[in-house]
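What follows is the residue order along each chain.
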Amino acid sequence: MSVPAPIDLRTFYANPDRNVAVLNYSARFLSSTFDLINSDEFAAFVKLFLDEQRAFIPDDADPETTYDRVDPETYIDTLKDVLTDQPRTFDHFSRKEILVSIEDLYSYYRSYLRVATMTTQQNHVVASEFMTIDQRFNDVVLRLYRTVEEKLQGHANHVYRQTNAATSACVLLQQVQWPVPAGYEALTDIRFMNRLMLRPPMMLHTKSNKRKGRFTASHENPLKNFTGTKQDWLCYPAKIGESLAYIYFHRDYMASGLALANLFQLADRKEVLNQKPDLILLFGSPSAQGDADPENGHYFYDAKNQIYVGQVPYNDQTTYFGYMKKMCLTLHNLHQIAQKRLPIHGSMVKITFANGKTKTVVFFGDSGAGKSESIEALQSVADEQIVNIETIFDDMGSFTLDPEKGIYAQGTETGAFVRLDDLSSEVAFNNMDRGIYMNPELSNARVIIPANTWDRVVAHHHIDMWVYANNYDDAVGVHRFTDRDQAEETFVAGKRRALGTTDEVGMSTTFFANPFGPVQEQAQTRPIIDAVFTELFKEQVYIGEIYTHLGNDKSQDKLNESARELLAELMNN
C-alpha cells in the first residue's frame, strides 16, 4: 500500500511517511473540544487515518456498516452523535466498533512526533506563557478523547493516565535579523527557535538507524541549490563549543531538530542578533551536481564570508540522528583546525576521588572503541573510591596549545548521544525521564541526554591523562607510552575493530580516529598533532592506551580489570 499524501494546511502539517506532525498555534488555536471536532485540521487527520486503515480492512467489508470504511464526514458526525447522546448513534455501528476505532485513531495520532509552534517577536508575555498555552491544547485533546471513550464504554475510567495527548514538544519561533551575505538571501525569512519545551521521555522512530560513509567537500556552496521556505524550514541556533552555528532543517527532520536541544546549547536571541555564524548547516537540501556520494553530506568553505557551510540531502538514510550530529561536529572541527586547534574524538571526564584528589582523563578512539564503556567500568570498579565523575565532553572536544599556559582541553556538546546497550542500569534509569530515545526497539538504539552546562564544557581544562581505547588487542590493563613517536603513531593510525555502529566491518583504520574533520583535512591537521604530542610529552602528561576487549571477546571481566589498573594509576600518581 502506498503512503497517503501529507496534510499541508497553514495551521497543520502531517507527513505519514516520516510520522511528523506540526501544529501552528499562531495561525489558529483550538481552544475547546467543540472547536477541535469541527475543525478542518481534525477532518484532514481523520481522512489520513481512514486512508491508512484501508490496508487492514477486508475488501468486501460493507462501507455502510463498517465504521473504518466510512467517509470522514460520516465518521466525525458519528462522534458528534456520541458526544450529544443522539438516539440514532448506534443504528449502523456498535459501541464496541466505534470505541475500537477511536482507540486506534488516538494511538495513530500519538504515534506521530507532534510539535506545536508559535511565532512571536520579543513578546515577553507569549514567551513566558507558551508552555501554558500548549498544555491547554493538550487538555482539550485529552478531554475530547476521554469524553467519547467514557460515553462509549458506559462508565468512567477507573485509571487515568496523563499522557501527552496533543503534542510531544512546543517551540517558540522568532524572526531574527543577522548580516546575511550575498547569495544567502534564501535564509533571511526562516524563523529561529527561541525557546523549546520538550515532554520527555520522548520515544522517536526514524527510517534509518545507522550512519554510512563519510562527508566530503563540495565544489560549490550548497546555498546555490537551496530552495527551502519559511513554511517548511526552521533554524536551531547552536553553540557548538565556542562556534556559533545556524542549523537549518526541513520540518520532516523535526526528530533530529528537536534532539539537538539535548546535545548542543541553544543560542539566545541576543547571541544571534546581528551575528554572522561560523557554521551553517542545511539539513534536507539537495547535493550539488557532481558531488561525490550525493546521498551523503558535504561541506564547503566560503572563504569570502569565512563560513563553513554543510549540506545533508533529504532521503530515508539521513533520518538517523547521527547524520545531524556528525555533520555539525565536522563543520565545527574544520573551523577548529583552521584556528590551529586539534579536534579530539573521545570523551573527557573529571574524576573526584574520596581522598580529595581530582584527575581529568581523555578517552580517545573512533566509534565502538570502548570510550563510554571504559568510563562505565571505571565507575563500576571504583566502589566508594570515586565521589563524582563529571562529563566535560562525551564525543568530541579539542586541544588548544597556548604559548603561555600550555595545552588545555574544551568540549563541544552539552549532552551525550549514546547507545542504550552501553549504559549501566543506574545511569540509564537516572536519566530516563530527560532522554530523547531513538528507535529503542532496534539494534544500535540511542538516547540523547543532557550532561553538563555550556560554561563548564567550554572552560579551559587541564589534561592529566590521555588514553587510546584499544578494542582489538588481547592484553589486559593499561599501557603508558614512553616513546613519543610510538604514541603519536598509535593515535594517528586510529585502529579499531568495527562493532556495527557504522557501515564498517572488521579491522579498520581512520586518520587520528576522527572521520569528522581531520580525515578531510589531514595536511592541515598533522602539524597540530605533532605540536600537541611534543608539548604533552614535555609536560610529562600520561599518554597511553586502555585495553577494552570490545572488538574481540567482549569480556566485561577483562575490561573491569583494565579499569582497575587505570584506577590505581590515577590514584597513586
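From a predicted model like this one, the values you see are computed outputs, not experimental measurements.

Colleague: Describe helix α13 (residues 522-538), listing the residues and the values that go with them.
Modeller: The end-to-end C-alpha separation of α13 is 24 Å, in line with the 24 Å expected for 17 residues at 1.5 Å each. Of the positions making up α13, those classed as buried are T525, I528, I529, V532, F533, E535 and L536. Burial along α13 is one-sided: seen end-on, the buried residues are contained in an arc of 165°. For α13, the exposed residues lying more than 90 degrees away from the buried face are A523 and K538.

Colleague: Summarise unusual backbone geometry; cite the residues concerned and give the values.
Modeller: Residues P200 and P201 are joined by a peptide bond in cis, for which omega reads -5°. Residue placement: P201 occurs in the loop between β6 (192-198) and β7 (202-204). Of note, the phi angle at D293 is positive, near 50°, even though the residue is not glycine. You can see D293 is positioned in the loop between β12 (279-283) and β13 (298-302).

Colleague: Before we move on, can you summarise the pattern of salt bridges with the specific residues and values?
Modeller: Enumeration according to the criterion identifies 25 salt bridges in this entry. For D81, the salt bridge goes to R88, with nearest N and O atoms at 3.1 Å. In this structure D81 comes out as buried when scored by relative accessible area, which is 13%. For R88, a relative accessible area of 48% puts it in the partly exposed group. Between E373 and R419 there is a salt bridge, with its nearest N and O atoms 2.9 Å apart. Here E373, found in helix α9 (residues 371-381), pairs with R419, found in strand β20 (residues 415-419); they are 46 residues apart in sequence, far enough to count as distant. A relative accessible area of 12% means that E373 is categorised as buried. A relative accessible area of 12% means that R419 is categorised as buried. A single salt-bridge network, built from bridges that share partners, covers R484, D485, E488, R526 and D530.

Colleague: Tell me about the environment of S101, and please be specific about residues and values.
Modeller: Position of S101 relative to the elements: it lies in helix α4 (residues 95-110). Residues in contact with S101, not counting those within four places in the same chain, are F49, Y67, D68 and Y75. A polar contact is formed between the side chain of S101 and the side chain of D68, at a distance of 2.5 Å.

Colleague: Any details on α9? Residues and values, ideally.
Modeller: In terms of residue burial, α9 counts as a mostly covered element, since eight of its 11 residues are buried. Buried within α9 we find K371, E373, S374, I375, E376, A377, L378 and V381. Count one or two residues on from α9 and you reach D383, which has phi positive near 55°.

Colleague: For the nonpolar core, give the residues involved together with the corresponding values.
Modeller: Side chains that are nonpolar tend, in soluble globular proteins, to be buried together. Core analysis: the biggest nonpolar cluster contains 48 residues, and I247, M254, L258, L281, F321 and M324 have the highest contact counts within it. Broken down by element, the residue count for this core peaks at eight residues, all from helix α8 (residues 321-338). Non-local contacts of L258, meaning those with residues more than four positions away in its chain, are made with L113, V115, A169, V171, M193, L196, L198, M202 and I436. Residues L36, I37, Y109 and V141 belong to the second largest nonpolar core, which totals 47 residues.

Colleague: With reference to specific residues and values, describe the packing of helix α2 (residues 40-53) against helix α3 (residues 72-83).
Modeller: Running from N to C, α2 and α3 point in directions that differ by 115°, and their axes come no closer than 9 Å. By the angle between their axes, α2 is roughly perpendicular relative to α3. When you trace α2 past α3, the crossing you get is right-handed. Across from F42, A43, V46, K47, F49 and L50 in α2, the residues of α3 making contact are P72, Y75, I76 and L79.

Colleague: Hey, could you go over the packing of aromatic side chains for me, with residue numbers and the actual values?
Modeller: Evaluation of the coordinates by the stated rule reveals 34 aromatic pairs. With a centroid separation of 4.2 Å and an interplanar angle of 15°, the aromatic rings of Y67 and Y75 are classed as stacked. You'll find Y67 and Y75 in the same group, each marked buried. Ring centres 4.8 Å apart and planes at 80° place the aromatic pair F226 and W233 in the edge-to-face group. The pair formed by F226 and W233 is uniform in burial state, with each residue classed as buried. Through successive ring pairs, a cluster of aromatic residues spans F12, F45, F49, Y67, Y75, F93, Y108, Y109 and Y112.

Colleague: Describe the pairing of β12, and please don't skip the residues or the numbers.
Modeller: Most of β12 is tucked away, with five of its five residues classed as buried. Of the two faces of β12, both are covered, the one formed by L279, L281 and F283 as well as the one formed by I280 and L282. The sheet contact formed by strand β10 (residues 243-250) and β12 spans five bridges and is parallel. Pairing of Y246 across the sheet is with I280, part of β12. As paired strands, β12 and strand β14 (residues 307-312) are joined by five bridges and run parallel to one another.

Colleague: Now, about the sheet that holds β20: what can you tell me, with residues and values included?
Modeller: Strands sit in the order β7-β21-β22-β20 across an open sheet of four strands; the sheet is mixed. The open sheet terminates on both sides in strands that have one partner only, identified here as β7 and β20. Neighbouring strand axes in the sheet, compared pairwise and without regard to direction, differ in orientation by 20° on average.

Colleague: Could you give an account of the side chain of E545, naming the residues involved and the relevant values?
Modeller: Relative to the elements of secondary structure, E545 occurs in strand β27 (residues 542-547). Buried and without a salt bridge, E545 has K495 as its closest oppositely charged side chain, separated by 8.9 Å. Of the polar contacts made by the side chain of E545, one reaches the side chain of N470; its length is 3.2 Å. A distance of 3.4 Å separates a polar atom in the side chain of E545 from a polar atom in the side chain of Y547.

Colleague: Residues and numbers for the pairing of strand β9 (residues 233-240), please.
Modeller: Most of β9 is tucked away: eight of the eight residues are buried. Along β9, one buried face is formed by W233, C235, P237 and K239 and the opposite face, lined by L234, Y236, A238 and I240, is buried too. Examined bridge by bridge, β9 and β10 share eight bridges and lie antiparallel to one another. Bridging from a neighbouring strand, L234 pairs with F249 of β10. In this structure, the hairpin formed by β9 and β10 is closed by a connection of two residues, where G241 is found at a positive phi of approximately 60°.

Colleague: Describe the state of the cysteines, with residues and values.
Modeller: Going through the model one piece at a time under the given rule, you end up with zero disulfides. Its sulfur unpaired, C235 is 11 Å from the next cysteine sulfur, which belongs to C328. What makes C235 buried here is its relative accessible area of 0%.

Parameters at a glance
- Residues numbered from 1 in each chain as written.
- Predicted model: local features only at pLDDT ≥ 70, side-chain atom pairs only at ≥ 80, totals over all residues.
- Heavy atoms only, no water.
- Helix = DSSP H or I, 4+ residues; strand = E, 2+ residues; numbered from the N terminus.
- Expected span 1.5 Å × (residues − 1).
- Buried < 20%, exposed > 50% of the residue type's maximum accessible area, 1.4 Å probe, protein only.
- Arc of directions from axis to C-beta.
- Salt bridge = Lys/Arg side-chain N within 4 Å of Asp/Glu carboxyl O.
- Contact = heavy atoms within 4.5 Å.
- Polar contact = N/O pair within 3.5 Å; in protein donor to acceptor, adjacent residues only side chain to side chain.
- Core = buried A, V, L, I, M, F, W, Y, C linked by side-chain atoms within 4.5 Å.
- Axes fitted to C-alpha atoms, helices over the stretch in contact; angles between N-to-C directions.
- Parallel < 35°, antiparallel > 145°, perpendicular 65-115°, else oblique.
- Left-handed = near helix turned anticlockwise from the far one by under 90°.
- Phe/Tyr/Trp six-rings, centres within 6.5 Å; stacked < 30°, edge-to-face > 60°.
- Pairing = 2+ DSSP bridges.
- Lys, Arg positive; Asp, Glu negative; His and termini not counted.
- Disulfide = S-S within 2.5 Å.

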